[in-house]
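Report on the structure
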Amino acid sequence: MFPLGKGEYSRQAHVALPEGTFEDEHGREGFYGRVSHLYHTHPPTGWTRIEGPLKPRAINCLTLPGAEVLRKDDPFGEAVTFLFNSDLALKAVRPAGPMPYYMRNADGDDVYFIHKGAGNLETDYGPLNYERGDYLVIPRGTTYRFTPASNEPDQFYLLIESFSEIKIPVKERGMLGVGAQYDMGVVETPSPEPAEAGDLAGSKTGPQGEPEWEVRIKREGEYTSVFYPFNPLDVVGWKGDLCPIKLNIRDYRPVMSHRVHLPPSVHTTFLANNFVICSFVPRPFEADPEAMRVPFFHRNIDYDEVLFYHDGNFFSRHGIDAGMVTWHPQGIHHGPHPKAIGAVKNKVETDEYAVMLDTRYPLHLTEAGKAAEWPEYHMSWSL
Ligand SMILES: [Fe+2]
């Protein structure tokens, strides 16, 4: 019986749409569940105004309010939360210097995406150097400390705090094989360093110049400081399958089809309970002249969608620059801007790097997020 087809429609989704129509995907469970494609005679984003709280939103993370200073001696600073729900919190980190303490998050896994800057991350497991475009996945309970490179004053990290364990989709790749998206061989892991290496490891004093080392543990959002008379990062070896990892977005190899536009779920990079993290990287456009080359309209009824724009030319989003976030809540349409539909005709590949999150449950914007909002974003489809 299914799929049914009524009136004018395309037998193959995203290909050879009926003349003059706009395809709208009405689907369940992200891109995994039951779905119908509706062929409209007008773009579903062609509204004249929206009254009420549900609308596409955009936040310029570079203009978020400064962190509340909890400690005068902390140039690393507090992360500023701008979107959250009970599964995750999205935060901006703008360090002006190294952490004068070690950090341990007992609330969740920390995924840092290095939008700008570079430096060294010390962990229980050993150090990892980081640079622009790196994902640093730090399991809950790891003790760590960031030392941003002093010759790169412009540092900006996106922090995704996940209240469930971050996992790598290896089995989920199924028929694609283990080399798809990224081979585990390109994932870097830390090794313990000899005691004399690192700026603090062999030092007789801690980060604050005192003969003690502080570990700040975050539990239920509150900090507890534990002090040691020795450097607690004194591990000389480790074994197991849990450790911090590093993956650069440049090493992400997207899955694509030259004949049909694939949904963003094919770009899933990390999995957590009730949300996924995806990477958008440059890829060729669909070559088949009948295949859609821009994302279809949809109302993403079961997932909120968040995109952090890292680098490149964000062809499908008019008015969006690097460092901005778009948030498309469940239930209201989004899709390509009218200018994007024309612009892709002369392009052969996308030129954008972005981090996307799909969250099963609705997100909430904080007061800090509201202060950095572009309030007219929901009207940008009519520009
Ligand atoms: Fe979408």
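Here, the structure is the one placed above.
Summary of the structure given here. Note that this is a predicted model, so its numbers are computed, not measured. (Residues numbered from 1 in each chain as written. Predicted model: local features only at pLDDT ≥ 70, side-chain atom pairs only at ≥ 80, totals over all residues. Heavy atoms only, no water.)

**Brief notes about the overall build of the protein chain**
Of regular secondary structure, the protein chain possesses 2 helices and 22 strands. A globule of 383 residues ought to have a C-alpha radius of gyration of about 21 Å, and the protein chain, at 22 Å, matches this closely. With the C-alpha coordinates aligned to their principal axes, the bounding extent of the protein chain is approximately 75 × 45 × 40 Å. Within the span of the protein chain, comprising 383 residues, buried residues form 51% of the whole. For the protein chain, long-range pairs separated by at least 24 residues make up 72% of all intrachain contacts whose partners lie at least 6 apart in sequence. Summed over its atoms, the accessible surface of the protein chain is roughly 18400 Å², and 52% of this surface lies on carbon and sulfur atoms. In the protein chain, the 37 positive side-chain charges and the 52 negative ones have mean positions that sit 4 Å from each other. (Helix = DSSP H or I, 4+ residues; strand = E, 2+ residues; numbered from the N terminus. Rg over C-alpha atoms; globule rule 2.2 N^0.38 Å. Buried < 20%, exposed > 50% of the residue type's maximum accessible area, 1.4 Å probe, protein only. Contact = heavy atoms within 4.5 Å. Areas by Shrake-Rupley, 256 points an atom, 1.4 Å probe, with all protein chains shown as cover. Lys, Arg positive; Asp, Glu negative; His and termini not counted. Charge placed at Lys NZ, Arg CZ, Asp CG, Glu CD.)

**A closer look at the sheet that holds strand S18 (residues 297–298)**
Judged by pairing direction, the sheet is mixed, and its 3 strands sit side by side in the order S2-S1-S18 without closing on themselves. Two strands bound the open sheet, and with one partner strand each, they are strand S2 (35–40) and S18. Summarising the sheet, strand S1 (residues 22–27) and S2 pair through 6 bridges and their orientation is antiparallel. Bridged to Glu 23 within S2 is Tyr 39. (Pairing = 2+ DSSP bridges.)

**A look at the packing of aromatic side chains**
Counted according to the given criterion, the structure contains 22 aromatic pairs. Between Phe 76 and Phe 146, the aromatic rings sit 5.5 Å apart at their centres with planes inclined by 20°, giving stacked as the arrangement. Of the two residues, Phe 76 sits in the loop between strand S3 (57–60) and strand S4 (80–84) while Phe 146 sits in strand S11 (residues 143–148), which places them 70 residues apart along the sequence. With relative accessibility at 4%, the residue Phe 76 sits in the buried group. With centroids separated by 5.4 Å and ring planes inclined at 80°, the aromatic side chains of Tyr 130 and Phe 146 adopt a geometry described as edge-to-face. Here Phe 146 lies in strand S11 and Tyr 130 lies in strand S9 (residues 128–130), a separation of 16 residues in the sequence. Each member of the aromatic cluster is reached from another via a ring pair, and the members are Phe 113, Tyr 135, Phe 156, Tyr 182, Tyr 252, Phe 270 and Phe 308. We note Arg 173 situated over the ring of Tyr 182; from NZ or CZ to the ring centre the distance is 4.7 Å. Note that Arg 216 overlies the ring of Tyr 101, its terminal NZ or CZ placed 4.7 Å from the centroid. (Phe/Tyr/Trp six-rings, centres within 6.5 Å; stacked < 30°, edge-to-face > 60°. Lys NZ or Arg CZ within 6 Å of the ring centre and 35° of its normal.)

**Brief notes about the pattern of salt bridges**
Any two side chains of opposite charge can pair if their charged atoms end up close together. Applying the stated criterion to the full structure yields 18 salt bridges. Between Arg 299 and Asp 24 there is a salt bridge, with its nearest N and O atoms 2.3 Å apart. Of this pair, Arg 299 sits in the loop between S18 and strand S19 (304–313) while Asp 24 sits in strand S1, placing them 275 residues apart in sequence. Of the charged contacts in the structure, one is a salt bridge between Arg 145 and Glu 122, with a shortest N-O distance of 2.7 Å. In this pair, Arg 145 sits in strand S11 while Glu 122 sits in strand S8 (residues 119–123), placing the two residues 23 residues apart along the sequence. Residue classification places Arg 145 among the buried positions, given a relative accessible area of 4%. A relative accessible area of 8% means that Glu 122 is categorised as buried. A network of salt bridges, in which partner residues are shared, links Lys 91, Asp 107, Glu 161 and Lys 218. (Salt bridge = Lys/Arg side-chain N within 4 Å of Asp/Glu carboxyl O.)

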